Amino acid sequence: MTAYTATVTVRLKSGVLDPEAQTTQRALERLGFELESLRSADVFEIDLEADSAEAAADRVEEMAERLLANPTIHDYEVAVAEA
Amino acid sequence: MIAVLQFGGSNCDRDAVQALASLGIEAERVWHEDGLPESVDGIVVPGGFSYGDYLRAGAMAARSPIMAEVREAADSGTPVLGICNGAQIGCESALTPGAFTTNESARFQCEHVHLRVENADTPWTAAYDEGDVIDLPIAHGEGRFEIEDGKLDELEADDRILFRYCAADGTVTDAANPNGSKGNVAGVTGEAGDHVAVLMPHPERATLADVGATDGAGILDGFEV
């Protein structure tokens, strides 16, 4: 078994409205910053033991499917690195 | 007996019991860890902020063991009504289609809305006629109905939209849409059939005349049918 850290990034599918990101962008603009657009995403870092990086990724993908992301509105990415 | 589920953070469970009692429908609160009683005639998943809305509103409660029992009961024909946080839980647990997410305004909104009855041929809307306009309160920060475009068309084709946000005269407009919901959708029926439904507005807060409005009584009467 090897220790891995998996990073799951959950973001809204393109085209799904993100009112919190829009509000954040307006706040940055109020502070005087210039920017074109802003998107937000949730990042989860998960430490786990697995036989291989692939096994770790499989387990974490299932976590994303079953809880961390909502497939109706989210896409997600999983990256695995040895801890 | 109607089981009104209670999660940590539920806060409309007592209102639901009281509103149902006023209609002569016996209801009891059921703590989620106790599981469903052996025989229930219906289930309310009430409003509130279960698990502090962690991750996404309804995400945690949807994956609690009692919701597996609720799914089983729904599949075998037990009426299930999800209200507000209960609607979010219903969608998160795939009892109903789509998702309820952050309001377009990014604000918590507590106000009265008008709803157009889209399908009067369900237990929840049998008290109304199609096209009727009712007045119910909303109180949510994550009530914007989102669903893939193709799936919204399917829901429309299958007559699964219960209510749409509308103007007082019943016209469905962007201006009357309080939260940016796709298709102005405020409530839909479930995957298991019309006996399962969710809606973001609060019928239990508009059932007792003492609290100001009674337009929601017809929805809760769905448990009598």
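Up top you'll find the structure we're talking about.
Residues numbered from 1 in each chain as written. Chains lettered and ligands numbered in written order. Predicted model: local features only at pLDDT ≥ 70, side-chain atom pairs only at ≥ 80, totals over all residues. Heavy atoms only, no water.

S.K.: Would you mind going over the overall build of chain A in detail, with residue names and values included?
M.R.: Of the regular secondary structure elements, chain A holds 2 helices and 3 strands. In chain A, the order of α-helices and β-strands from amino to carboxyl end is β-α-β-α-β. Relative to the 2.2 N^0.38 estimate, which gives 12 Å for 83 residues, the radius of gyration of chain A is 16 Å and therefore markedly larger than a compact globule would have. By residue count, 28% of the 83 residues in chain A fall in the buried class. In chain A, the proportion of contacts linking residues at least 24 apart, taken out of those at least 6 apart, comes to 73%. Just so you have it, chain A exposes about 5500 Å², and 46% of that area is on carbon and sulfur atoms. (Helix = DSSP H or I, 4+ residues; strand = E, 2+ residues; numbered from the N terminus. Rg over C-alpha atoms; globule rule 2.2 N^0.38 Å. Buried < 20%, exposed > 50% of the residue type's maximum accessible area, 1.4 Å probe, protein only. Contact = heavy atoms within 4.5 Å. Areas by Shrake-Rupley, 256 points an atom, 1.4 Å probe, with all protein chains shown as cover.)

S.K.: Lay out a negative patch on the surface with the relevant residues and their values.
M.R.: On the surface, a cluster of negative charge is contributed by B:D121, B:E130, B:D153, B:E154, B:D158, B:D159 and B:D194. Relative to the elements of secondary structure, B:E154 occurs in helix α5 (residues 149-157). (Patch = residues over 30% accessible without salt bridge, like charges linked within 9 Å, V, L, I, M, F, W, Y side chains within 5 Å. Salt bridge = Lys/Arg side-chain N within 4 Å of Asp/Glu carboxyl O. Lys, Arg positive; Asp, Glu negative; His and termini not counted. Charge placed at Lys NZ, Arg CZ, Asp CG, Glu CD.)

S.K.: Before we move on, could you go through the interface of chain A and chain B and cite the residues and values that matter?
M.R.: At the interface, 16 residues of chain A touch 16 residues of chain B. The contact between chain A and chain B buries some 1200 Å² in all, and 60% of this surface belongs to carbon and sulfur atoms. Considering only the side of chain A, the residues that lose the most area to chain B are A:P19, A:L67 and A:T72, jointly responsible for 38% of the buried surface there. Put simply, chain A and chain B have 1 salt bridge between them. For B:E148, the salt bridge goes to A:K13, with nearest N and O atoms at 3.7 Å. One can count 5 residue pairs in polar contact (both at pLDDT 80 or more) joining chain A with chain B. (Buried area = accessible area lost by both parts, 1.4 Å probe. Polar contact = N/O pair within 3.5 Å; in protein donor to acceptor, adjacent residues only side chain to side chain.)

S.K.: Mind laying out the sheet that holds strand β1 (residues 2-6) of chain B, listing which residues take part and the relevant values?
M.R.: All names here are of chain B. The strand order across the open sheet built from 9 strands is β2-β1-β3-β4-β11-β10-β9-β6-β7, with neighbouring strands paired in mixed fashion. Taken across any chain shown, the strands that pair with only one partner, and hence form the sheet edges, are β2 (27-31) and β7 (133-140). Within the sheet, the average angular offset between the axes of one strand and its neighbour, ignoring direction, is 25°. Of the strand pairs in this sheet, β1 and strand β3 (residues 42-45) are connected by 3 bridges, and their pairing is parallel. In the strand pairing of β3, I2 is matched with G42. (Pairing = 2+ DSSP bridges. Axes fitted to C-alpha atoms, helices over the stretch in contact; angles between N-to-C directions.)

S.K.: Can you lay out the pattern of salt bridges for me, pointing to particular residues and giving the numbers?
M.R.: When the charged atoms of two side chains with opposite charge come close together, those side chains can pair. Residue and element names in this part refer to chain B. Per the stated rule, a full pass over the model turns up 13 salt bridges over all chains. Across the pair E146 and R144 runs a salt bridge, and its minimum N-O distance is 2.6 Å. We classify E146 as buried; its relative accessible area is 7%. E146 is paired through a salt bridge with K182; the nearest N and O atoms lie 3.5 Å apart. Of the two residues, E146 sits in strand β8 (residues 144-146) while K182 sits in the loop between β9 (161-166) and β10 (185-190), which places them 36 residues apart along the sequence. Among the ionic contacts, a cluster of salt bridges with common partners joins R116, E118, E156 and R164.

S.K.: Could you give me a rundown of the nonpolar core, with the residues and numbers involved?
M.R.: Taken as a class, soluble globular proteins show a tendency for nonpolar side chains to be buried jointly. All names here are of chain B. Among the nonpolar cores identified, the biggest contains 43 residues, and L20, L81, F163 and I219 are the most heavily contacted of them. Aside from chain neighbours lying at most four places away, what touches I219 is L81, W124, Y128, I134, L136, F163, L199 and P203. Among the nonpolar cores identified, the runner-up in size contains 20 residues, and A3, A62, V80 and V196 belong to it. (Core = buried A, V, L, I, M, F, W, Y, C linked by side-chain atoms within 4.5 Å.)

S.K.: With reference to specific residues and values, describe the environment of B:V198.
M.R.: All names here are of chain B. Take V198: it is sitting in strand β11 (residues 193-199). By relative accessible area, which is 3% here, V198 ends up buried. Separated by 67 residues in sequence, V198 and G131 place their C-alpha atoms 19 Å apart.

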